[in-house]
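Chain by chain, the residues:
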Amino acid sequence: MSATTNGKRPAYTAAQRDAILSRGHTLLEAGAGSGKTTTLVGKILHALGAEVVDGARVDRPCELGEIAAITFTNAAAADLRASLRARLRAHAATDPDRRWRRLVHEVDRARIGTIHAFCGRILREFALREGLDPAFGLLDAGEAADLREECARARVHAAAGDGDPDVSELVFRFRPHGAVRLVRDAMEKGDAARHAVARWCDADGRARTADLRARVEALGGTWRAHDDAGAALAAAVLRLAADARDEFDRELERRGALDHDALIHRTRDLLRDRPDALASIRRRLAWLLIDEFQDTDPAQRDIAYAICGIPEALAARRAGTPAPAGCPTLCIVGDPKQSIYGFRRADVTLWSDVARDLATLGAPAIALDTNFRSRAPLLGLVNGTFGALMPPVGDAAAPDHEVRYRPLVPARHYAGDDGLVELLALPDGESAPERRQEEARRVARRIRAMVDEAEPVLWDGAGERRPARWRDVALLFRSATDVRLYEAELRRLRVPCFVAAGDGFHATREVRDVRLLLTALADAHDDRAWIGLL
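The following refers to the structure shown.

The rules behind the values
Residues numbered from 1 in each chain as written. Predicted model: local features only at pLDDT ≥ 70, side-chain atom pairs only at ≥ 80, totals over all residues. Heavy atoms only, no water. Helix = DSSP H or I, 4+ residues; strand = E, 2+ residues; numbered from the N terminus. Buried < 20%, exposed > 50% of the residue type's maximum accessible area, 1.4 Å probe, protein only. Areas by Shrake-Rupley, 256 points an atom, 1.4 Å probe, with all protein chains shown as cover. Lys, Arg positive; Asp, Glu negative; His and termini not counted. Charge placed at Lys NZ, Arg CZ, Asp CG, Glu CD. 1 Å grid on protein atoms, 1.4 Å probe; cavity = no way out; pocket = protein on both sides within 12 Å on 5 of 7 lines; lining within 4 Å. Points joined across faces, edges and corners; volume = space filled by probe spheres on them. Nonpolar A, V, L, I, M, F, W, Y, C, P; charged D, E, K, R; others polar. Phe/Tyr/Trp six-rings, centres within 6.5 Å; stacked < 30°, edge-to-face > 60°. Lys NZ or Arg CZ within 6 Å of the ring centre and 35° of its normal. Pairing = 2+ DSSP bridges. Axes fitted to C-alpha atoms, helices over the stretch in contact; angles between N-to-C directions. Contact = heavy atoms within 4.5 Å. Disulfide = S-S within 2.5 Å. Core = buried A, V, L, I, M, F, W, Y, C linked by side-chain atoms within 4.5 Å. Polar contact = N/O pair within 3.5 Å; in protein donor to acceptor, adjacent residues only side chain to side chain. Salt bridge = Lys/Arg side-chain N within 4 Å of Asp/Glu carboxyl O. Expected span 1.5 Å × (residues − 1). Parallel < 35°, antiparallel > 145°, perpendicular 65-115°, else oblique. Left-handed = near helix turned anticlockwise from the far one by under 90°. Patch = residues over 30% accessible without salt bridge, like charges linked within 9 Å, V, L, I, M, F, W, Y side chains within 5 Å.

Per the secondary structure count, the chain includes 20 helices and 12 strands. With the principal axes as the frame, the chain shows a C-alpha extent of 75 × 75 × 60 Å. Within the chain, the fraction of its 534 residues that count as buried is 43%. For the chain, the exposed surface amounts to about 28900 Å²; the carbon and sulfur share of it is 54%. Here the chain contributes 80 positive and 81 negative side-chain charges, whose respective centroids are spaced 4 Å apart.

Turning our eyes to something else, we now look at empty space enclosed by the protein. In the structure shown here, the tally under the stated rule is 3 cavities of 30 Å³ or more. As for the largest cavity, its lining consists of 16 residues, of which Ile 70, Ile 115, Ile 290, Thr 296 and Gln 300 are closest to the centre. Elements with a minimum of two residues in the lining of the largest cavity: strand S2 (67-71), helix H5 (115-125), strand S6 (287-290) and helix H13 (298-308). If you tally residues by element for the lining of the largest cavity, the top one is H13, at 3 residues. By residue class, the composition of the lining of the largest cavity is 9 nonpolar, 3 polar and 4 charged.

With that settled, consider the packing of aromatic side chains. All chains considered together, the criterion is met by 2 aromatic pairs. One cation-aromatic arrangement involves Arg 99 over Trp 100; the distance from NZ or CZ to the ring centre is 5.1 Å. Between the NZ or CZ atom of Arg 124 and the centre of the ring of Phe 136, over which it lies, the distance is 4.0 Å.

Ordered in space as S3-S2-S6-S7-S1-S8, the 6 strands form an open sheet in which the pairing is parallel. Each edge of the open sheet is held by one strand with a lone partner, namely strand S3 (111-114) and strand S8 (365-368). Strand-to-strand twist in this sheet, taken as the mean axis angle between neighbours without regard to direction, amounts to 15°. The sheet contacts of helix H1 (residues 14-21) involve strand S1 (26-30) and S8, and relative to S8 the element is tilted by about 140°. Each of S6 and strand S7 (329-334) touches H13; the most contacted strand, S6, lies at about 160° to it.

The next thing to look at is the state of the cysteines. Tallied over the entire structure, the rule returns 0 disulfides. Cysteine Cys 119 is unpaired, with the sulfur of Cys 308 as its nearest cysteine sulfur at 13 Å.

The biggest cluster of nonpolar side chains holds 67 residues, and the ones touching the most others in it are Phe 118, Leu 288, Ile 290, Ile 307, Ile 310, Leu 330 and Ile 332. Those residues in contact with Phe 118 that sit more than four places away from it in its chain are Ala 68, Ile 70, Leu 288, Ile 303 and Ile 307.

So, on to the side chain of Arg 404. With respect to the element layout, Arg 404 can be found in the loop between helix H16 (376-389) and strand S10 (409-410). At a separation of 2.6 Å, a polar atom in the side chain of Arg 404 contacts the main-chain carbonyl oxygen of Ala 398. A polar contact is formed between the side chain of Arg 404 and the backbone oxygen of Pro 399, at a distance of 2.9 Å. Those residues in contact with Arg 404, other than ones at most four positions away along the chain, are Lys 337, Pro 391, Pro 392, Val 393, Gly 394, Asp 395, Ala 396, Ala 398 and Pro 399.

This next bit is on the pattern of salt bridges. Enumeration over the complete set of coordinates arrives at 53 salt bridges. One salt bridge in this structure joins Asp 269 and Arg 268, with 3.1 Å as the shortest N-O distance. Classification of Arg 268 as buried rests on a relative accessible area of 16%. Measuring nitrogen to oxygen at the nearest pair gives 2.8 Å for the salt bridge that ties Glu 438 to Arg 442. Here Arg 442 and Glu 438 lie together in helix H17 (residues 432-452), a separation of 4 residues that amounts to about one turn. With a relative accessible area of 28%, Arg 442 lands in the partly exposed category.

Attention now goes to helix H15 (residues 348-360). For H15, with 13 residues, the first-to-last C-alpha span of 19 Å sits near the 18 Å given by 1.5 Å per residue. When we look at burial in H15, the residues that qualify are Val 348, Leu 350, Trp 351, Ser 352, Val 354 and Leu 358. Tucked into the core, H15 has its buried residues touching S1, H13, helix H14 (310-319) and S7. Downstream of H15 by one or two residues, Gly 362 has phi in the positive range, about 80°.

The subject of this paragraph is unusual backbone geometry. Phi is positive for Arg 175, which is not a glycine, with a value near 70°. Within the secondary structure, Arg 175 is located in helix H7 (residues 165-187). Given the relative accessible area of 48%, Arg 175 is considered partly exposed.

Contact geometry of helix H6 (residues 141-161) with helix H10 (residues 227-255) gives a least axis separation of 9 Å together with a crossing angle of 130°. In this view, H6 runs oblique relative to H10, as classed from their interaxial angle. Between H6 and H10 lies a crossing whose hand is right-handed. From H6, Ala 144, Leu 147, Arg 148, Cys 151, Ala 152, Arg 155, Val 156 and Ala 159 reach across to H10, where they touch Leu 240, Asp 243, Ala 244, Glu 247, Phe 248, Glu 251, Leu 252 and Arg 255. Considering only residue class, the contact of H6 with H10 consists of 10 nonpolar, no polar and 6 charged.

A few words now on the side chain of His 46. Secondary-structure assignment places His 46 in helix H2 (residues 36-48). Beyond its immediate sequence surroundings of up to four residues, His 46 is in contact with Ile 20, Leu 21, Val 52, Ala 56, Arg 57 and Val 58.

The next subject is a negative patch on the surface. On the surface, Asp 140, Glu 143, Asp 146 and Glu 150 cluster together into a patch of negative charge. Of note, Glu 143 is situated in helix H6. The class of Glu 143 is partly exposed, set by a relative accessible area of 42%.

Have a look at this one:
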């Protein structure tokens, strides 16, 4: 169940109770709408000493400053703070211990934030030991992208000018701007370009074609005749990306700044190379909670492992010796299915590797699969569709790079849910543009019919259905490419609509006319504005 702002204690599922009461390292596989925020807040309260589930209390409550919670976005951090503050206030209202009222006021200072905020605090504290200015700047995404583009372009032009045959072929095949784009995109993969060069290239940066071929064939693939040339071009891109990244890092050092990647990598290197810094951080923390772990890359995984002593614990388990004491406990939360989006270089194999490591340490893997957000027919459609496309959970034969599917279970069932899902079938044999046009027509006609005929298709929350209104309808798209096509069909049938995202609003005739008018008024000699306006 999602946490409510009034701070009332939610009714936990059995899986949520297990997650909250777990005292060791824990992996939570949290499906969509499964109440992970509520579970995390409950786990924090339990760690603080509150009686959250079944009258259970921890033997040694920790302080809020001993808990670090890492979220994917600032908005998620704000939501977690708000939920935690509400629950603390509710608890303080019933518990005479003044400590709880103090904890309410400590929420704003709690270690709740993004991985970048977490790493920034660590690096600024130990900056002088790392040769960094504690007041180092942080490039925003736009500034970092511009600098990457500049470094990639300089490296491509320099290598082509030096007569590198592979780079010359790359520029010939993809044109200069295409080659620069490939190098820039490889730079955005973080350390991946450097690691790939080290693994698959010779000392001079040329592809080890025989090794690549053997690997492809070992995975069941076929090495084709033209793959030798492709491997040479790929090696050129990776080599250029690694060199461009070195130049990028030198420019950051010259500016006294870091980008988001450097922030994470420098923190990882600090924890790896400075035992005193790592020990200091370990002494302060009792828990490290990481949300959206499916979007974690290897560098972020290494940071969490170092702080929580996972490598030492694994080594001790293999040697049959006791695990090291004094390390924080790790709790990771995520949905491996979402790793397909590749946010921040996410890779589901990383989730699988971490799950195996924690299982080796005896950590429970708890599935939060009860969905509080969606109705049963919609979940049935989702389960039926993706359950047929993905291997099921527990399929040991499926490779690590394939995402296992765990069905979602509806939290409640409502009478009259039949017909909640409709499928509009399209005729076969048409081209993709024709099918998209026909889809737009059918969707527009269906919406028009629902409202004109006052179809009772909506549940009002009190067990009754009511007719649909225009404002009840939303269209969701995989991309904004064809939004204007659907908008045109809706307007043709006089269905009132607006585009809530993308460039639809700014591309409308009315907005363009206003912009042209304002431009013409600002500069009476702007002929282009006057011509466009007239």
